[in-house]
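Each chain, letter by letter, is given below.
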Amino acid sequence: MMNVISHQIEDQVIQHKLSVDFYAGFQKFSNFPDQLRRYSRLGAICRRVYVFGIADSEPPSIPGVEFIEISPSSVLSREWFLLVNTSSFWTTLVAQEVDGRDITTGGRRFDGLWSFDEQVVDRISLLISQVMESSYQPIRQRNYEQQNIHISDVSSRMLGMLEQVVLNSQRRRVHLRTLQQFAETSSNNPENLLEDTAEILHSIFGATGVVIAGLNPSKEDYSVCAVAGDANGKGWKMPVSEGLIGRAIQQARLIQVTSVRQRHESDPLLPTAKALIAAPIIEGQVYGAIAISNTESNQWDEDDGQTLMAIARMLAIHLRQIDNSVSNPTEQLPTHELQQAVVEQQEAVVHLLTLQKKLRSLGNLTPIQLEVLRHMNKHFAKLVAQIKIARNLMRK
């Protein structure tokens, strides 16, 4: 917020080319380099720019900018301030650093105020003149109409920033809802899983069109497994050399097109798209790709692309787990059926062990019979370990 307010004051001077005396407290000169470009512009516009700070580093030489060294013991060494005081525009930001770190950003904490009040600005101007050991020249007449125009400009920019913050927050909520809804999808049927994913991206994420494609074993083409919205091609086979989906598969990377018209990139499966994102479904290997479209340009940002990439990776993991369960049929058995099968095997082995025990009790067994029993005992031990029969049965 301190940076935002500072930039609002600086931008007003820069945009209106105000020839003013501009005062800024940086606490120490080592805090200044990040603002070098901005203050070079101020130096070219203002009558003079004064930058206050502890001389903990050598300040750069900038035309129109004068660096004022302050003592480390000065109260100004803990203050961040800006001041503009003219007859047509006056404002000040004055803040003092306080102990602790900001709980949101982890950065420094400040306590202060931002004011357009002429009495506050006059008071700060008097204090600045005392620090600089110069005479204070109060402003006798103010142009309130012009001041109102400046305040309106600043307020309009701040409102625009606030609206953008609200939009960003809403978009992040959409991202979280999309990820949460996908995480709750638990179908072990690949076709149902892909169709559910496409519908989530269409109805919750807000894509006007969705295509989910699976790479075929030949790796030369892919099949369209699921579509939603205004997408085409369910069941079609397409060469990987064609369209944005094919490129995402071939290059195994996220591809984002903010404006199809400007980039001259499109996908035949999403004919109404003005913006496109394609993410490979990849986890050790490329399974395919997800592509989403929007009928308006510049509707998606980097966060949207990263969210789609996260869903594609999770989808790849889910598909791999389904593949593993198909290759190992016992993993597909419902829990109650698997438990019943284990019980039945346990009962059979217990019966065989009982017969073995009776054979041993008969005595007078031939060497061949004893060898058979040893082999039976060896195999029973493996079965017991696999189906978790109590070890004491082997000891009886």
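Residues numbered from 1 in each chain as written. Predicted model: local features only at pLDDT ≥ 70, side-chain atom pairs only at ≥ 80, totals over all residues. Heavy atoms only, no water.

A. Up close: the packing of aromatic side chains. Here the structure, examined in full by the defined rule, presents 12 aromatic pairs. Taking the centre distance of 5.4 Å and the plane angle of 75° together, the rings of Phe26 and Tyr39 count as edge-to-face. On the criterion of sequence distance, the pair formed by Phe26 in strand E1 (residues 21–28) and Tyr39 in helix H2 (residues 36–45) is long-range, its members being 13 residues apart. By the burial criterion, Phe26 is buried, and Tyr39 matches it. Between Trp90 and Tyr144, the ring centres sit 5.7 Å apart and the planes meet at 85°, which makes this aromatic pair edge-to-face. (Phe/Tyr/Trp six-rings, centres within 6.5 Å; stacked < 30°, edge-to-face > 60°. Helix = DSSP H or I, 4+ residues; strand = E, 2+ residues; numbered from the N terminus. Buried < 20%, exposed > 50% of the residue type's maximum accessible area, 1.4 Å probe, protein only.)

B. Structural context of the pattern of salt bridges. Considering all chains together, one arrives at 11 salt bridges under this definition. In this structure, Arg48 engages Glu66 in a salt bridge whose closest nitrogen and oxygen atoms are separated by 3.6 Å. A residue pair is termed long-range when its members are at least 10 positions apart, and Arg48 in strand E2 (residues 48–54) and Glu66 in strand E3 (residues 65–69) qualify at 18 residues. As a salt-bridge pair, Arg142 and Asp122 come within 2.8 Å of each other at their nearest N and O atoms. Of this pair, Arg142 sits in the loop between helix H3 (118–131) and helix H4 (144–183) while Asp122 is found in helix H3, placing the two residues 20 residues apart along the sequence. (Salt bridge = Lys/Arg side-chain N within 4 Å of Asp/Glu carboxyl O.)

C. A look at helix H5 (residues 190–205). Taking 1.5 Å per residue, 16 residues should reach 22 Å; H5 reaches 21 Å between its end C-alpha atoms and fits that length. If you check which residues of H5 are buried, you get Leu193, Leu194, Thr197, Ala198, Ile200, Leu201, Ile204 and Phe205. (Expected span 1.5 Å × (residues − 1).)

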